[in-house]
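# Breakdown of the fold
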Amino acid sequence: MSATQIDGATQIDSAGQIDGAGINGAGIEGAVVVAARQRRRGMPVAVICALVWLAAMLAVALAADSLRPYSITAIDLRARLQPPVGFGGSLRHLLGTDELGRDVLSRLIESVRVSVLIAFGATAIAATFGTTMGFIAAHFRGLVEQAVLVLIDFQASMPFLIVALAVLAFFGNSLPLLVALMGLYGWERYARIARGLAIAANAQGYAAAVRQIGARPLRIYLGHVLPNIASTLIVSATLSFPEIVLLESGLSFLGLGVQPPMTSLGNMVGFGREYITRAPWILLAPSVTIVLTTLCVSLLGDWLRDRLDPTLS
Amino acid sequence: MFRYLSFRLLRAVLTILLVVTFAFVVLRLSGDPALTILSPDAPPAAIAAFRHEWGLDQPIWVQYLDYFAAILHGNLGQSLRDGRPALQVVAERIPATLVLTLPALTMKVLLGIPAGIYAALHRNSMADRAVMAGAVAGFTVPSFVLGLVLVLVFAVQLGWLPSGGQDSWQATILPVVTLGLGGAGILARFTRSAMLEVLGQPYIRTASAKGVPWRAVVTSHALPNAAIPTVTVMGFMVGSLIAGAVVVESVFSWPGVGRLLVVAVANRDLAVVQVILLLVAATMVTANLAVDLVYGMLDPRMRAAGAR
């Protein structure tokens, strides 16, 4: 899974620490983006498709209970391993059934809900925690800042999957812990961005003005600095969201993430693997969902980055 | 340069220390291994004896210091399962993992870097679009999905290659391709952006304006400069040689370090997990140091930055 962790810019400039020399990893696509920005004014078709798919996923996640044709634990042994419609299956089970005769579509819907919930929760935690750490580093400077930087280095230098595996299996697998753990993924990117931008903001007139009036630090950072750097952080969140989906599905695939009777996308792929020869639809349905979702968020993230945020491009 | 390197070295040691501490705290405080290994129904005397034998009855900070002392003596504890030294248990698996990760790394480099350079030099061409599409697929398709689809096509449908196991060299093909394709996409994307950034620089314009042939501009001006960010990604890839195949090894039931880690974690085999964590940290840190050294060679500005 280390592959997912190396999504270029943000992760890498941490390992390299070469910002000072002006080789900021985040600045690499600069030339491309200027041209790209002139080229695309409207919203490209691909981005519209991505938005539609993501909206559908979100709707499915929110309305899972009423969309599911069957209960996800409803076992029907007489209808085991039925293929999907179009491959010899019946309309009763649109995407076929699994080894216990459970409806794949129903399980897929529930899985989307669980995976989306975890990814959203984790992204929110990572953004909040990372931004807070970044602000703390920018505010106190000195030793505090060094400590935060060491933590950032540590986080960026260890493959997250390895760390996550150790923590998860040794603390057991509860959903809150899983979300919290996923929430640690990528916090260092927000921290680095927030620290850099907050230091820059502190040197600007508006922050100084508010400070002169007598605003407390909390108010300066939350009320004035945060709104000014929010777009950068949101873009960063869009870019790390698919990685969290991939990480969670990877862990669940290994049997160390979401535990039965709950189900998630990776979980379905993991259990469906046993039936890859006889019933490939069990693992193909969630696989396609994972790929389409991560692809769509990445497309959206890239587009947002090009449009909104010159500093990250 | 010396100051720059010693600073980096200090950071590296600090990272290792943090990893050891992190591993120790998390693994020891999370539950009682005596109950897990012996089952909660075991007689209290047996549990007490087990705890005493493994030093689990000591205060946590004594265990911590003991652990550090043991590491410094090269003694990394024994696997709780079969009592063999954990280091040996892990070391036995390393060759199997390298059999997958080394060819995969070669594949990433040989495929990704030329593709990225070509795409950058022929920007907006069909080839460029294809490379970018491949690169996006490289990081949006999870490795287990890619691996299983390859199994479905080449092992189940076509029957050309085995779907797992370690019996023949053919068995390595699917896992290596699974690992290599994803990484190649990432490397291609990165190389392409690095090249485009460099090609937009004034010194490239100057070089071609003064009449240097385009081929020479690319090879002696653009490539060395674009190498710098690319080396960083490659450092990360080299660093994950040991444990970069956790998921892929599980897909193909490959008896490497990654598979061992998953099993050890499921069995709460503390010593083995800690050895793997340490090993991963050590490779990562070493790879990062190597990257820093390469920077020093590639980029004089880095030496200046370190001397500040």
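Residues numbered from 1 in each chain as written. Chains lettered and ligands numbered in written order. Predicted model: local features only at pLDDT ≥ 70, side-chain atom pairs only at ≥ 80, totals over all residues. Heavy atoms only, no water.

So, on to the overall build of chain B. Check the secondary structure of chain B and you find 14 helices and 0 strands. Secondary structure elements of chain B occur, N-terminal to C-terminal, as α-α-α-α-α-α-α-α-α-α-α-α-α-α. The C-alpha extent of chain B, read off along each of the three principal axes, is 85 × 60 × 25 Å. Across the 308 residues that make up chain B, the buried fraction comes to 48%. At a minimum sequence separation of 6, the contacts of chain B that also span at least 24 residues come to 73%. Carbon and sulfur atoms make up 68% of the accessible area of chain B, which totals about 13800 Å². (Helix = DSSP H or I, 4+ residues; strand = E, 2+ residues; numbered from the N terminus. Buried < 20%, exposed > 50% of the residue type's maximum accessible area, 1.4 Å probe, protein only. Contact = heavy atoms within 4.5 Å. Areas by Shrake-Rupley, 256 points an atom, 1.4 Å probe, with all protein chains shown as cover.)

With that settled, consider the overall build of chain A. Check the secondary structure of chain A and you find 14 helices and 0 strands. Counting from the amino terminus, helix and strand elements in chain A follow one another as α-α-α-α-α-α-α-α-α-α-α-α-α-α. Here chain A holds 313 residues, and the buried ones make up 57% of them. Relative to all contacts within chain A whose residues are 6 or more apart in sequence, the contacts with residues 24 or more apart total 72%. Just so you have it, chain A exposes about 12600 Å², and 67% of that area is on carbon and sulfur atoms.

The next point concerns the side chain of T131(A). Within the secondary structure layout, T131(A) lies in helix α6 (residues 104–140). Leave out the neighbours within four places in its chain, and T131(A) touches A126(A), Y190(A), A191(A), A194(A), L226(A) and L233(A).

Another aspect to go through is a nonpolar patch on the surface. Taken together, the side chains of L284(A), V149(B), V153(B), L158(B) and W160(B) define a hydrophobic patch exposed on the protein surface, amounting to about 440 Å² of accessible area. The residue V149(B) is located in helix α7 (residues 143–157) in this model. (Patch = residues over 30% accessible without salt bridge, like charges linked within 9 Å, V, L, I, M, F, W, Y side chains within 5 Å. Salt bridge = Lys/Arg side-chain N within 4 Å of Asp/Glu carboxyl O.)

Here we take up the pattern of salt bridges. Residue and element names in this part refer to chain A. For the structure on display, the rule yields 11 salt bridges over all chains. The partner of D65 in a salt bridge is R113, with the nearest N and O atoms 3.5 Å apart. Here D65 is found in helix α5 (residues 64–67), whereas its partner R113 is found in helix α6, with 48 residues between them in sequence. A salt bridge links R189 to E243; the shortest N-O distance between them is 2.7 Å. Placement of the pair is R189 in helix α10 (residues 187–202) and E243 in helix α12 (residues 217–253), with a sequence separation of 54 residues. Side by side, R189 and E243 carry an identical accessibility label, which is buried. A single network of salt bridges, built from pairs that share partners, joins D65, R68, E110 and R113.

A word on the confidence of the model for chain B. Residue and element names in this part refer to chain B. When the pLDDT values of chain B are averaged, the result is 81; 92% of them are 70 or greater. Confidence, read as mean pLDDT per element, is least for helix α14 (residues 300–307) in chain B (59) and greatest for helix α5 (residues 86–121) (89). In the model output, the complex is listed with pTM 0.78 alongside ipTM 0.76. (pLDDT = per-residue confidence, 0-100.)

A few words on helix α13 (residues 265–272) of chain A. Of all 8 residues in α13(A), 7 are buried, a share of seventy percent or more. Turning to α13(A), its buried residues number three or more, namely L265(A), G266(A), N267(A), M268(A), V269(A), G270(A) and G272(A). Its buried side turned inward, α13(A) meets α6, α12 and α14 (281–308) of chain A together with α7 of chain B.

Residue and element names in this part refer to chain A. Averaged over chain A, the pLDDT score is 78; the fraction of residues at 70 or greater is 84%. Mean pLDDT values for the elements of chain A range from 35 in helix α2 (residues 8–16) up to 90 in α6. A low-confidence stretch, residues 1–35 stays under pLDDT 50, and its non-local contacts, those more than four residues away or across chains, total 96 contacts.

Residues and elements named next belong to chain B. Close contact between α5 and helix α13 (residues 270–298) brings their axes to 8 Å; oriented N to C, the two are set at 55 degrees. When the axes of α5 and α13 are compared, the pair comes out oblique. In this structure, the crossing between α5 and α13 has a hand that is right-handed. The residues of α13 that touch α5, namely those facing A86, L87, V89, V90 and I94, are A271, V272, V275, I276 and L279. Class assignment for the residues of the contact of α5 with α13 results in 10 nonpolar, no polar and no charged. (Axes fitted to C-alpha atoms, helices over the stretch in contact; angles between N-to-C directions. Parallel < 35°, antiparallel > 145°, perpendicular 65-115°, else oblique. Left-handed = near helix turned anticlockwise from the far one by under 90°. Nonpolar A, V, L, I, M, F, W, Y, C, P; charged D, E, K, R; others polar.)

Positive phi, normally seen in glycine, also occurs at R141(A), with a value near 50 degrees. Checked against the element boundaries, R141(A) lands in the loop between α6 and α7 (142–157). Its relative accessible area of 37% is what places R141(A) among the partly exposed residues. Even without a glycine there, the phi angle at N124(B) is positive, about 65 degrees. By relative accessible area, which is 37% here, N124(B) ends up partly exposed.

Before going further, it helps to spend a moment on the environment of A119(B). Residues and elements named next belong to chain B. Looking at the secondary structure, you find A119 in helix α5. In the structure, A119 is positioned 13 residues away from M132 in sequence and 8.0 Å away in space, judged by C-alpha atoms. Residues in contact with A119, not counting those within four places in the same chain, are D128, V131 and R192.

Moving on, we get to the state of the cysteines. Considering all chains together, one arrives at 0 disulfides over all chains under this definition. In this model C49(A) remains outside any disulfide bridge; the closest cysteine sulfur is found in C296(A), 8.0 Å from its own. (Disulfide = S-S within 2.5 Å.)

Residue and element names in this part refer to chain B. The residue E249 is located in helix α11 (residues 246–251) in this model. Of the side chains with opposite charge, R93 comes closest to the buried, unpaired E249, at an N-O distance of 6.2 Å. When residues no more than four places from it in sequence are discounted, the contact partners of E249 are T97, L100, W254, G256, V257, G258 and R259. (Lys, Arg positive; Asp, Glu negative; His and termini not counted.)

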